[in-house]
Amino acid sequence: MIRENHETAQRSLDLLRWGLIPHGCEDPGGGRKPINAKAETVARLPTFRDAYGRRRCVVPVDGFFEWHATREGGRRPYAVAMRDGSPFAIGGLWENWKSPRTGQWVRTFCIITTPANVMVSRIHDRMPLILAPADLERWLGAEKNPADLLRSYPSADMRMWPISTRVNSPDNDDASILEPAGAEAGPSPDP
């Protein structure tokens, strides 16, 4: 992810572990490690409040997956991306946590979610916080509460399509998982 050091104004691209461990966590195992934080509560919940005010990051992606619960009780995977295939930025939070067992610093992160936009709401009620390019400076900057950026990204520039359940296994890490699958089990993919 992309982070900014507010003391030097330097930005860096870093690998962090997904699953936020709050800085003050005293559990030797790191405790609960949430992968998501809701935009509606991120500024006030103790788990996220400090990171939201001081350690926001950008997760660069070219798409994300979401699952739709079917009437039959299964879950149908969908891919969601920008209509033109361009990469985009997901808003996240990061933390430093020092393991009391090893004394090692562990850097972790989570992504922020918003209510789903019109398109994604056909399959799920939440989606990642997608930041417009014009909002990246503020998001990474030192502003303590850029609350107006915590909004759903509009559907118009996005597309969504059903994909194979092969995506459910990390062993299937290849481009073919993005190939469209039949849509008979779910809502229509594009708006």
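An account of the accompanying structure is given in this report. (Residues numbered from 1 in each chain as written. Predicted model: local features only at pLDDT ≥ 70, side-chain atom pairs only at ≥ 80, totals over all residues. Heavy atoms only, no water.)

Glancing now at the overall build of the protein. Assigned secondary structure in the protein consists of two helices and twelve strands. The order of α-helices and β-strands along the protein, N terminus first, is β-β-β-β-α-β-β-β-β-β-β-β-α-β. Since a compact globule built from 191 residues should have a radius of gyration of about 16 Å, the 18 Å found for the protein is in line with a globular shape. Taking the principal axes of its C-alpha atoms as reference, the protein extends roughly 50 × 40 × 30 Å. Counting only residues that meet the buried cut, the protein has 43% of its 191 residues in that class. (Helix = DSSP H or I, 4+ residues; strand = E, 2+ residues; numbered from the N terminus. Rg over C-alpha atoms; globule rule 2.2 N^0.38 Å. Buried < 20%, exposed > 50% of the residue type's maximum accessible area, 1.4 Å probe, protein only.)

Attention now goes to the layout of surface pockets. Approximately 750 Å³ is the volume found for the largest pocket. The wall of the largest pocket is formed by 29 residues, among which Trp18, Gly63, Phe64, Phe65 and Ile90 lie closest to the centre. Counting residues per element, the ones that place at least two in the lining of the largest pocket are β5 (56-61), β6 (64-69), β7 (75-82), β9 (105-115), β10 (126-128) and β12 (158-162). Here the residues of the lining of the largest pocket are counted per class, giving 19 nonpolar, five polar and five charged. Taken as a whole, the second largest pocket spans an internal volume of roughly 220 Å³. For the second largest pocket, the lining is made up of 13 residues, of which Arg3, Glu4, Asn5, His6 and Trp94 are closest to its centre. Residues that form the lining of the second largest pocket fall into these classes: one nonpolar, five polar and seven charged. (1 Å grid on protein atoms, 1.4 Å probe; cavity = no way out; pocket = protein on both sides within 12 Å on 5 of 7 lines; lining within 4 Å. Points joined across faces, edges and corners; volume = space filled by probe spheres on them. Nonpolar A, V, L, I, M, F, W, Y, C, P; charged D, E, K, R; others polar.)

Burial analysis of β12 places four of its five residues in the buried class, which makes it a mostly covered element. Pairing between β7 and β12: five bridges, direction antiparallel. Bridge pairing in β12 places Ala81 opposite Arg159. (Pairing = 2+ DSSP bridges.)

Here the focus is the sheet that holds β6. Across a sheet, paired strands are connected by hydrogen bonds in the backbone, their directions being either parallel or antiparallel. Pairing is antiparallel in the open sheet, where three strands are placed in the order β6-β7-β12. Strand pairing shows two members of the sheet lacking a second neighbour, β6 and β12, which therefore form its edges. Strand-to-strand twist across the sheet, computed as the mean angle between neighbouring axes with direction ignored, equals 30°. As paired strands, β6 and β7 are joined by six bridges and run antiparallel to one another. If you follow Ala69 over to β7, its bridge partner there is Arg75. (Axes fitted to C-alpha atoms, helices over the stretch in contact; angles between N-to-C directions.)

Our focus in this paragraph is the pattern of salt bridges. Per the counting criterion, the structure on display carries eleven salt bridges. The partner of Arg55 in a salt bridge is Asp50, and the shortest N-O contact between them spans 2.7 Å. The buried category is assigned to Arg55, whose relative accessible area is 14%. Asp135 serves as the salt-bridge partner of Arg151, at 2.7 Å between the closest nitrogen and oxygen. Here Arg151 is found in the loop between α2 (136-140) and β12, whereas its partner Asp135 is found in the loop between β11 (130-131) and α2, with 16 residues between them in sequence. Assessed through its relative accessible area of 12%, Asp135 is described here as buried. (Salt bridge = Lys/Arg side-chain N within 4 Å of Asp/Glu carboxyl O.)

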